[in-house]
Amino acid sequence: MGKSSLPPRRLLRGFTRVAGLALGLAAGVAEAQSAPSESWRPAPLVSAELAEPTGRYPHGVLGDSVEYGALVLRYGPDKARYVIRLPEARVFEDIEARLVDVDGDGQLEAMVVESHENKGARLSLYNGGGLIAATPHIGRRNRWLAPIGAADLDGDGHVEIGYIDRPHLARILRIWRFRDGALREVAALEGLTNHKIGWDFISSGLRDCGDGFEMITADANWRHVMATRFDGATLTTRRVGAYDGPASITRALSCAR
């Protein structure tokens, strides 16, 4: 069954999109690799879409057995097309690719969850030249992670990325900082989650209600909406209300409570 016949996956809360200026480029195809191509020349990234649906990794955590084998990136006013195509052992196991500026240069990158047939999920950053950086794979097949968001959470000038590691099992919030071209884990906190098996959305996100960024999730038992801050060294979390379904996360993200 083709992906077009399935209900569209969606993200409950989007990520900040920052416009960038750069040079143009021609369309091309890049196999997923360990570092961006030296011939890569940046241009404004305008869209990132998952493509080439496949059933070669039938995990089904997002409500169906179809994942994606490729990531299509479009650049510049002419929407020049670059394709990141994964090897057979890996798939993009995600709702959508997110546009983020991880290095603060005004250029957008694509952030997406990908999974290995034996090692499970990791969070990866791509541009049209290939893989920029990635977290380690969780280490076991059918183990997944659910992104929360990307921002300079502690005001140090570097972007941090938050995700829930195994939201149905371990329920651990992990924070990774992008610096000097690499991702490094800087904090972790147990007892939080943002996804239930079969959901085609992720129930979490970032908010700034006037006093800095907070990550909004549920607690591990889906009883409370939680707001978590990172100060550069530690994570602190607090209850902001009862969890009564995904709409309660939406309300918290809008600073309604």
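Residues numbered from 1 in each chain as written. Predicted model: local features only at pLDDT ≥ 70, side-chain atom pairs only at ≥ 80, totals over all residues. Heavy atoms only, no water.

A.B. asks: Teacher, can you tell me more about the nonpolar core here?
C.D. replies: Taken as a class, soluble globular proteins show a tendency for nonpolar side chains to be buried jointly. Counting residues in hydrophobic clusters, the biggest one holds 23 residues, and the most contacted among them are Met111, Leu123, Leu125, Trp144, Ile161, Phe178 and Leu183. When contributions to this core are tallied by element, the ones reaching two or more residues are β7 (109-116), β8 (120-127), β9 (130-134), β10 (145-151), β11 (160-165) and β12 (172-179). Once you skip the residues sitting within four places of it in the chain, Ile161 turns out to touch Met111, Leu123, Leu125, Gly149, Ala150, Arg174, Ile175, Trp176 and Leu183. Counting 19 residues, the second largest nonpolar core, distinct from the first, contains Ile84, Phe92, Ala97 and Leu131. (Core = buried A, V, L, I, M, F, W, Y, C linked by side-chain atoms within 4.5 Å. Buried < 20%, exposed > 50% of the residue type's maximum accessible area, 1.4 Å probe, protein only. Helix = DSSP H or I, 4+ residues; strand = E, 2+ residues; numbered from the N terminus. Contact = heavy atoms within 4.5 Å.)

A.B. asks: I tried to follow the environment of Leu235 on my own but got confused; where do I start?
C.D. replies: Mapped onto the elements, Leu235 comes out in strand β18 (residues 235-242). Its relative accessible area of 12% is what places Leu235 among the buried residues. The sequence separation of Leu235 and Leu189 amounts to 46 residues, and the corresponding C-alpha distance is 6.8 Å. Apart from the residues lying within four places of it in its own chain, the contact partners of Leu235 are Leu173, Ile175, Ala187, Ala188, Leu189, Met215, Thr228, Arg229 and Phe230.

A.B. asks: How do you make sense of the side chain of Arg174 when you look at a structure like this?
C.D. replies: Structurally, the position occupied by Arg174 is in strand β12. Polar contacts involving the side chain of Arg174 include one to the side chain of Asp165, which spans 2.8 Å. Not counting the four nearest positions on each side in its chain, Arg174 is found in contact with Ile161, Gly162, Tyr163, Asp165, Arg166, Glu185, Ala187 and Ala188. (Polar contact = N/O pair within 3.5 Å; in protein donor to acceptor, adjacent residues only side chain to side chain.)

A.B. asks: Looking at this structure, I do not really get helix α1 (residues 246-253). What am I missing?
C.D. replies: Three- or four-residue spacings in an α-helix give side chains the same orientation, since the helix completes a turn every 3.6 residues. Among the residues of α1, Ser248, Ile249, Ala252 and Leu253 are the ones counted as buried. Viewed along the axis of α1, the buried residues span an arc of 140°, placing them on a single side of the element. The inward-facing, buried residues of α1 contact β15 (205-208), β16 (213-219), β17 (224-230) and β18. The positive-phi residue at the C-terminal boundary of α1 is Cys255, with phi of around 65°. (Arc of directions from axis to C-beta.)

A.B. asks: What's the story with unusual backbone geometry in this structure? I'm lost.
C.D. replies: Only a minority of non-glycine residues have a phi that is not negative, and only a minority of peptide bonds are not trans. In the Ramachandran plot, Lys79 falls in the positive-phi region, its phi being about 55° despite a non-glycine side chain. Backbone geometry places Asn142, a non-glycine residue, at a positive phi of 60°. Its location among the elements puts Asn142 in the loop between β9 and β10.

A.B. asks: I would appreciate a short explanation of the state of the cysteines in the present structure.
C.D. replies: Among covalent bonds in proteins, the disulfide is the one between the sulfur atoms of two cysteines. Summed over all chains, the structure comprises 1 disulfide. Two residues, Cys209 and Cys255, share a disulfide whose sulfurs are 2.0 Å apart. Around the S-S axis, the bridge from Cys209 to Cys255 shows a dihedral of about -95° and counts as left-handed. Placement of Cys209 in the loop between β15 and β16 and of Cys255 in the segment after α1 is noted, with a sequence separation of 46 residues between them. (Disulfide = S-S within 2.5 Å.)

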